[in-house]
Amino acid sequence: MGIRPERSELLMPAGNLQKLKMAVLYGADAVYLGTPDMSLRTKSDFSLEDVVEGIEFAHEHGVRVYLTLNLFSHNKDVPKLKQYVETVRKVQPDGVIIADPGVFQYVKQHAPDLELHISTQANICSWLSVKFWEEQGAKLCVLAREVSFEELTEIREECPDIKLEAFVHGAMCMTYSGRCMLSNFMSERGANQGNCSNSCRWNYKVHMKLKDGTIQDLELNEHTRDMFEFLLEEGIREGELMPIQEDERGSYILNSKDLCLMPKLDDYLRIGVDSLKVEGRNKSQYYVALVARAYRMAIDDYYADPENWDPAPYMEELNTVQGRGYTLAFHEGRLTNHAHNFENTSTLAEWEFAGLIAKVEEDAFIFEVKNRIEAGDVLEFISPKSRETMLLRIYEFEDITKNVTTTVVNAGQKPMVRIPFAWFDQETEELIRQFPEMSVVRKERALTKEQWDRLKFDKEGLKMELGKGSEKRYFEMRDKLVESIEESNQDRKFKTPRIGVEGCCGRGCNGCLIFWNDPQYEKARELMKDKKQGEMLAKNSRGKATDQAVAE
């Protein structure tokens, strides 16, 4: 333990047992996971039993497993540590990710055989901090997202013996390594407990009230926007008036694009970053599979021929995964305006998750539908065994769930469709070899003009960060996107609450201040004491907790 690997590993997230298996299937060298009550991902769907099964599965396939024990412990968490440590020691994970110094010390004393990793929540930004944790017995340090490549290079030089881990892909927080008060303020959901409501990605509009006694708001619209100029003055910068720029659409002023260091991945491989980390334990199976596949191919190709390595083909693959546009984030040391998406907050791609192969029979695939499919759709089968994909256009679907043949299948109740091998032009043995259970299938997505303009604009923004774009073209594309948004803008409402205490589901999320403090959940908190680690209260079809304690 603790020996630096010869090659950088690809570290993928696992939000549940199926995602873990798909990450392994599509090329991860290592996965990280945790139970919702003992890590910073309250939406993680792992019980301790699942953790044990997941570790055994990964080890059978030669893949390492790191457990997230990176909670900031409260007194109520301390009694759980003994059972947690005793359980995980039996299955020997390859590392335990910790942020809290007290938890670090506890595990070090009670499980000296476990390899200890320091979480990104510890905000390691210098070689001085890395050396500190190395002296305490840590074998790996996860560096903060705010560390630039220049700083990372120096850390590698100053700390040659300890393993270093860096984020290369995934969602970015608009604040410092996830330490945000906005989610707590707007929806009482713990931002740093993995329960963030993503308040930074909401649409905000500026309104102004007159001070003449009238109570109506003066909204900035096409009739009033030319009458006023809104200026902001900071307390100690008297006379320095900064304009607030907004139009009638509002703005997503805090909305960060997603991190993607694929264009610079060869730099990270060259200096010997031991673990390349992908964010996303709350993301879909499609995300896990396709991102793992892209980085697996990129890493293997670099080691095969570093001099001729080119990120372009792998970026094409990553562009099939829904996102908010890509940014290099802090790679160059500072963020630019290109790192944020001010016009739109939705995730987007020209491809979408069609479904996955749930079962392989003697003469057919049993296909689990994840998004609506229609007659004439072209399905692209993504093999975890081969770089070649396979296309199949289908004109009718044998829905074995309803025992009908139809031209449209809607996702929802996990419909299963039978796809006979006779429809393919490959031999049955080859189909079975290339597309085992859990293989992913995607299809093209019909986009509006606004969405197409958004994709083009996002790609131009990344080119600007890489020094390859045109500023004139960038602003032309931005103006074109704004026009498209104005033409297609419609009133919309959200299915679930976004603000206030009505957002609590009552299931006992670790980061939910409402559940753990509100008197109405007192009996529910008592019931939680008898639950297994990682187990939450039951819920009904509407997503509300149904345990007797909550009902009362």
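Residues numbered from 1 in each chain as written. Predicted model: local features only at pLDDT ≥ 70, side-chain atom pairs only at ≥ 80, totals over all residues. Heavy atoms only, no water.

This part takes up the overall build of the protein. A count of helical and extended segments in the protein gives 16 helices and 24 strands. When the 552 residues of the protein are sorted by exposure, 51% land in the buried category. Long-range pairs, those at least 24 residues apart, make up 68% of the contacts in the protein between residues at least 6 apart in sequence. Taken as a whole, the protein presents about 27500 Å² of accessible surface, with 48% of it coming from carbon and sulfur. (Helix = DSSP H or I, 4+ residues; strand = E, 2+ residues; numbered from the N terminus. Buried < 20%, exposed > 50% of the residue type's maximum accessible area, 1.4 Å probe, protein only. Contact = heavy atoms within 4.5 Å. Areas by Shrake-Rupley, 256 points an atom, 1.4 Å probe, with all protein chains shown as cover.)

In terms of burial, strand 3 (residues 64-68) is largely enclosed, as four of its five residues are buried. Relative to strand 3, strand 2 (residues 30-33) is paired through four bridges, and the arrangement is parallel. Bridge pairing in strand 3 links Val31 to Val65. Of the strand pairs in this sheet, strand 3 and strand 4 (residues 95-98) are connected by three bridges, and their pairing is parallel. Bridging from a neighbouring strand, Leu67 pairs with Val96 of strand 4. On the question of chirality, the crossover connecting strand 3 to the parallel strand 4 by way of helix 3 (residues 78-91) is right-handed. (Pairing = 2+ DSSP bridges. Right-handed = clockwise from strand over helix to strand, strands pointing away.)

On to the side chain of Ser148, then. Position of Ser148 relative to the elements: it lies in the loop between strand 6 (140-142) and helix 6 (149-158). Using a relative accessible area of 7% as the deciding quantity, one classes Ser148 as buried.

Leu17, Lys19, Leu20, Met22, Ala23 and Val24 are the residues of helix 1 (residues 17-25) that are buried. Buried positions along helix 1 lie against strand 1 (9-13), strand 2, helix 2 (48-60), helix 9 (285-304), strand 15 (351-360) and strand 24 (440-444). Immediately beyond the C-terminal end of helix 1, within one or two residues, lies Gly27, with a positive phi of roughly 115 degrees.

Turning our eyes to something else, we now look at the packing of helix 1 against helix 9. For the pair helix 1 and helix 9, the least separation of the axes is 9 Å and the interaxial angle reads 15 degrees. Looking at the two axes, helix 1 sits roughly parallel to helix 9. Regarding helix 1 and helix 9, the two cross each other, and that crossing is right-handed. Residues Gln18, Lys19, Met22 and Ala23 of helix 1 form the contact with helix 9, whose participating residues are Gln285, Val288 and Ala289. When the residues that make up the contact of helix 1 with helix 9 are grouped by side-chain class, the tally is four nonpolar, two polar and one charged. (Axes fitted to C-alpha atoms, helices over the stretch in contact; angles between N-to-C directions. Parallel < 35°, antiparallel > 145°, perpendicular 65-115°, else oblique. Left-handed = near helix turned anticlockwise from the far one by under 90°. Nonpolar A, V, L, I, M, F, W, Y, C, P; charged D, E, K, R; others polar.)

Val107, Met262 and Leu265 are the most contacted members of the largest nonpolar core, which has 98 residues in total. Among the elements that line this core, the one with the most residues is helix 9, at 13 residues. Other than its neighbours up to four places away in sequence, Met262 contacts Ala294, Tyr295, Ala298, Trp309, Pro311, Tyr314, Met315 and Leu318. Counting 20 residues, the second-largest nonpolar core is a separate cluster that includes Ile373, Phe381, Ile394 and Val409. (Core = buried A, V, L, I, M, F, W, Y, C linked by side-chain atoms within 4.5 Å.)

For the structure on display, the rule yields 14 aromatic pairs. Taken together, a centroid distance of 5.4 Å and an interplanar angle of 80 degrees make the contact between Phe381 and Phe424 edge-to-face. Note that Phe381 is positioned in strand 18 (residues 378-382) and Phe424 in the loop between strand 23 (416-420) and helix 11 (428-434), a separation of 43 residues in sequence. We classify Phe381 as buried; its relative accessible area is 1%. For Phe424, a relative accessible area of 9% translates into the label buried. Grouping aromatic residues by their ring pairs yields a cluster made of Phe365, Phe381, Phe421, Phe424 and Phe435. The ring of Tyr32 has Lys277 lying over it, and the distance from NZ or CZ to the ring centre is 4.4 Å. Between the NZ or CZ atom of Arg442 and the centre of the ring of Trp351, over which it lies, the distance is 5.2 Å. (Phe/Tyr/Trp six-rings, centres within 6.5 Å; stacked < 30°, edge-to-face > 60°. Lys NZ or Arg CZ within 6 Å of the ring centre and 35° of its normal.)

Moving on, we come to the pairing of strand 24. Burial of strand 24 is extensive: four of the five residues sit out of reach of the surface. With five bridges joining them, strand 15 and strand 24 adopt antiparallel strand pairing. Directly across from Phe353, in strand 24, lies its bridge partner Arg442. Both strand 18 and strand 24 contribute to a ladder of four bridges, which runs antiparallel. Each residue of the ladder has a partner; that of Phe381, found in strand 24, is Val441.

It is worth spelling out the side chain of Thr68 at this point. Along the chain, the position of Thr68 falls in strand 3. A relative accessible area of 2% places Thr68 in the buried class.

One non-glycine residue, Gln92, lies in the positive phi region at around 50 degrees. Secondary-structure assignment places Gln92 in the loop between helix 3 and strand 4. The partly exposed category is assigned to Gln92, whose relative accessible area is 31%. If you check the backbone angles, Asn403 has positive phi at about 60 degrees while not being a glycine. Tracing the backbone shows Asn403 in the loop between strand 20 (397-399) and strand 21 (404-406). Note on Asn403: relative accessible area 69%, which makes it exposed.

Backbone-to-backbone hydrogen bonds pair the strands of a sheet. The strands run either parallel or antiparallel. Strands sit in the order 19-18-24-15-16-23-20-21 across an open sheet of eight strands; the sheet is antiparallel. Whereas interior strands pair on both sides, the edge strands pair on one side only; in this sheet they are strand 19 (390-393) and strand 21. Across this sheet, the average inter-strand angle for adjacent strands is 35 degrees, counted without regard to direction. The pairing of strand 15 with strand 16 (residues 364-369) spans five bridges and is classified as antiparallel. When the sheet's bridge partners are listed, Leu356 is paired in strand 16 with Glu368.

Before going further, it helps to examine the state of the cysteines. Across all of its chains, the model carries zero disulfides by this definition. We note that Cys141 lacks a disulfide partner, and the nearest cysteine sulfur, in Cys159, lies 7.9 Å from it. Using a relative accessible area of 0% as the deciding quantity, one classes Cys141 as buried. (Disulfide = S-S within 2.5 Å.)

What follows concerns the environment of Val107. Structurally, Val107 is set in helix 4 (residues 101-110). Sequence-distant contacts of Val107, that is, excluding residues within four places in its chain, are made with Leu69, Val85, Ile98, Pro112, Leu114 and Leu116.

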